[in-house]
Amino acid sequence: MNSQDRWALVAEVRVHIPLPLRAFADGEATVSVEAGSVDSALAALRAAYPALAARLLADDGHVRPHVNLFLDGRSVRGLDPSELNIGAAAELTIVPSIAGGAPELSREERLRYHRQLILPELGVEGQRRLRTASVLIVGAGGLGSPVALYLAAAGVGRIGIVDGDLVEVSNLHRQILHDTPSIGTQKTASAGARLRALNPEVEIVEFPLRVDASNALQTLQGWDIVVDGCDNFPTRYLLNDACVLLNIPLVYGAIHRFEGQASVFAAEGGPCYRCLFRDPPPPGFAPNCAEAGVLGSLPGIVGSIQATETIKLIAGIGTPLIGRLLLIDALGGDYRSMEIRRDPDCRVCGDDPEITELADYELFCGESTEDGVEPSPFVIPAGFKLPVPFPGLDALELKELLDAGRQPILLDVRDLAEHAMSNLADLGAVSLPMEELERRLDEIDYDAETIVFCRTGQRSMQAVEFLHSRGYVRIFNLTGGINGWARDVDPSLPVY
Ligand SMILES: [Zn+2]
């Protein structure tokens, strides 16, 4: 407090906040404080908006060298302290000479970003903030594609892309980062090439990996914002928990058939994904780890909303989706936003959180194996899309089909030892053990109706999922497996 205050009139001081700092002043462009001098105005500002003051003032209370203050149009720097008294209603304008330490925009940047620079809400300061910002996008798929393209185009200075998958032909109807020549290449490489071609001004960092509990904190650390472009529950909960622990806002998006959701989680004071959904659904209760198909343009809508939210957060403009869940119904042409609150009992962001480190998120997926049978070495590639409810039929339905004269190919994916124990060779079943499936894909007729079976129907389900991911559409699962067939149709076969 300046000692001159005792002698000065206390008046209303209107403080103009520059756009990049508005996020620290509740989004206000102008705030009012009662003060008799510049010093006391700053003290009042510090009391009301500590985060803002921290950006204006050094620890010793002096105005930071890259910030200029103008009192009624005159710079306060270099003025005699006696001239700093505020006698009547006054205006104090904050002008950060260099926002975030970024230099002036180049001519090339002014041309490239012209159409958004002329938006008064964004302007040059907003553009500088975009340039100094860093955003990590987890998933270079349907959601990650529009997010990455728009953020790179908008000039976000540093963009990280995390994805462990290769580009597949079935990705291309919605994953617009990738193209036909990039089929079979790493998604991160394909994305990197596309984004660098789009905007050489931005730095693209590729992470060709799948995030898990062992690498998430290391991968996410240091980024300003994380964008959730994943398609499965383990990664979704992992990202949420990691962002809460690291205090990084998470721009959330999810899609399912014709519907989507978007929100901003783990932001200061706002809820997280677990506040909304405490735990993942039990296996089989939701189309988890896969999707029931998706309209190609839907991730375009949701991803564009995520890109917009990200830009809003960086530039400190508008009202972000913090504490709101946006529901998108593409078929109904309906958008609704629901209010959501931080849950004080939340397991990760609550007042007394029980989750303080990352756990094994893969278990959430409910990847169970059949009793007594070793897990298959066969691994479903991440990121493919699975129709739900899954096309399957039980033993009695299969019997009906065969009795009616249909001749589907019966594909036995069990190993040879199991095949020796019990098989459907009488019905012309073909043996193709699970672990050889990928290598011997050519042997499966794309056009033939094929029913896959194993012992109880679980491994065959994985096989069906895999074949779907490779473009096979006439593939069905025999639920209950050969044991079901033995029980319900042919008791001469052993149940094992
Ligand atoms: Zn929470």
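Because the structure is a prediction, the values reported are computed rather than measured. (Residues numbered from 1 in each chain as written. Predicted model: local features only at pLDDT ≥ 70, side-chain atom pairs only at ≥ 80, totals over all residues.)

Along the backbone of the protein chain there are 15 helices and 18 strands. Every one of the 496 residues in the protein chain was classed for burial, and the buried ones make up 39%. Considering only contacts in the protein chain between residues 6 or more positions apart, those separated by 24 or more positions represent 68%. (Helix = DSSP H or I, 4+ residues; strand = E, 2+ residues; numbered from the N terminus. Buried ≥ 20, exposed ≤ 12 C-beta atoms within 10 Å, placed from the backbone. Contact = placed C-beta atoms within 7 Å.)

Right, let's get into unusual backbone geometry. One non-glycine residue, N247, lies in positive phi territory at about 65°. By the secondary structure assignment, N247 is in the loop between α9 (233-246) and β10 (250-256).

This part takes up the packing of helix α6 (residues 144-154) against helix α7 (residues 187-198). At a minimum axis distance of 9 Å, the contact between α6 and α7 shows a crossing angle of 30°. It follows that α6 is roughly parallel to α7 by the angle criterion. Where α6 crosses over α7, the handedness of that crossing is right-handed. On α7, the residues that touch A148, L149, A152 and A153 of α6 are A191, L195 and L198. Here the contact of α6 with α7 is composed, by residue class, of seven nonpolar, no polar and no charged. (Axes fitted to C-alpha atoms, helices over the stretch in contact; angles between N-to-C directions. Parallel < 35°, antiparallel > 145°, perpendicular 65-115°, else oblique. Left-handed = near helix turned anticlockwise from the far one by under 90°. Nonpolar A, V, L, I, M, F, W, Y, C, P; charged D, E, K, R; others polar.)

Let's shift gears to the environment of G481. Along the chain, G481 turns up in helix α15 (residues 481-488). Measuring from C-alpha to C-alpha, the distance between G481 and S460 comes to 7.9 Å, with 21 residues separating the pair along the chain. Setting aside residues up to four positions removed in sequence, G481 forms contacts with F453, C454, R455, T456, G457 and S460.

Right, let's talk about the confidence of the model for the protein chain for a bit. Chain-level statistics for the protein chain give a pLDDT mean of 84 and a share of 85% at 70 or above. Scored below 50 in pLDDT, residues 1-8 shows 15 contacts in the model against residues more than four places distant or in partner chains. Note on residues 365-389: pLDDT is under 50 here. Beyond four places in sequence and across chains, it has 52 contacts. (pLDDT = per-residue confidence, 0-100.)

Let us now look at the sheet that holds strand β15 (residues 409-412). Pairing is parallel in the open sheet, where five strands are placed in the order β14-β18-β17-β15-β16. At either margin of the open sheet sits one strand with a lone partner, and together these are β14 (392-393) and β16 (430-431). Where β15 lies against β16, two bridges are found, and the strand directions are parallel. Looking at β16, one finds that L411 is bridged to V430. (Pairing = 2+ DSSP bridges.)

On to helix α14 (residues 458-469). Given a rise of 1.5 Å per residue, twelve residues ought to cover 16 Å, and the 17 Å separating the end C-alpha atoms of α14 matches this to within 8%. Within α14, nine of the twelve residues are buried, leaving the element largely enclosed by the surrounding structure. Of the positions making up α14, those classed as buried are R459, S460, Q462, A463, V464, E465, F466, L467 and H468. Those residues of α14 that are buried are in contact with β17 (450-453), β18 (475-478) and α15. (Expected span 1.5 Å × (residues − 1).)

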